[in-house]
Amino acid sequence: MNSWWELGEWSGYQGSELSLHRIECPFCSERGNWAVNNQAEKKKPNGSKVLHFDTLRCGNCAMYVMVFWSGARGHHDYKLVPWPIEKLDEHPEYWPDEVGRFWLQAKRSLRDENWDAAAIMARSALQASLREQKAEVGSLKREIDDLSEKGVLPNIVKDWSHNVRELGNESAHPQPGQKPTDPQDASDIVKFMDYLFEYLYTLPKQIKEYRERKDA
Ligand SMILES: [Zn+2]
């Protein structure tokens, strides 16, 4: 997005109007229980695009949020202040279940500073994902190389994987006498995992949705 006037033009949700039922309260997590407190809008000079600035009051906890939103041709997008802090209670529903289950545990372990657990769960999530992508069975590094050779993963991901120390750790379980996982190493492998899943699952879904909008 190059300008706020493009909000809702290329991404977002179905329907050209903001649907309040979708919005989750960042304070009490109740969804869709909103009363409109104030509304303002501004039309683009020499254009038809309208930006909306609404404040909403939660019917459950009585806190306020501001929603900045705009609709265009059957869809809309919005930004919320403040926004709900990531709770890590579910993985995106379009990810494979096994991948998502390990991903959640890796993310929670990292948040709670359980570095060994974060690294082990990240390796498990990556392995589930690489096998699901039909990598030839081997070490994690070997499987990443294999998918890169097959053109499933770009070279830049393969090159990056060679710098992620925990990917070279072959153990699926803590070993007796094993040194504690370095916090930076745990954080590095989780970041690699996040980008990989973004590439393998989220990006194709966004491209598919974009095409469907273009065809509609
Ligand atoms: Zn609330």
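Residues numbered from 1 in each chain as written. Predicted model: local features only at pLDDT ≥ 70, side-chain atom pairs only at ≥ 80, totals over all residues. Heavy atoms only, no water.

S.K.: Report on the side chain of S129, specifying residues and quantitative values.
M.R.: For S129, the location among the structural elements is in helix α2 (residues 115–132). Accessibility expressed as a relative area gives 0% for S129, which makes it buried. In this view, S129 contacts V99, L196, F197, L200 and Y201; residues no more than four positions away in its chain are not counted. (Helix = DSSP H or I, 4+ residues; strand = E, 2+ residues; numbered from the N terminus. Buried < 20%, exposed > 50% of the residue type's maximum accessible area, 1.4 Å probe, protein only. Contact = heavy atoms within 4.5 Å.)

S.K.: How would you summarise the coordination of the zinc ion if you had to cite specific residues and measurements?
M.R.: Taken together, the protein ligands of the zinc ion are C25 (SG), C28 (SG), C58 (SG) and C61 (SG), with distances of 2.3 Å. Coordination at the zinc ion is tetrahedral, judged from the 4 donor atoms that bind it and the angles of 107 to 113° they form at the metal. Of note, the donors binding the zinc ion are all from one chain and are spaced C-x2-C-x29-C-x2-C. Linking C28 in the loop between β1 (13–14) and β2 (34–43) with C58 in strand β3 (residues 50–58), this pair joins segments that are 30 residues apart in sequence. Classification of C28 by relative accessible area gives partly exposed; the value is 27%. For C58, a relative accessible area of 1% puts it in the buried group. (Donors = N, O, S within 2.8 Å, 3.2 Å for Na, K, Ca; no water. Tetrahedral: all angles 85-135°; square planar, octahedral: opposite > 155°, others 65-115°.)

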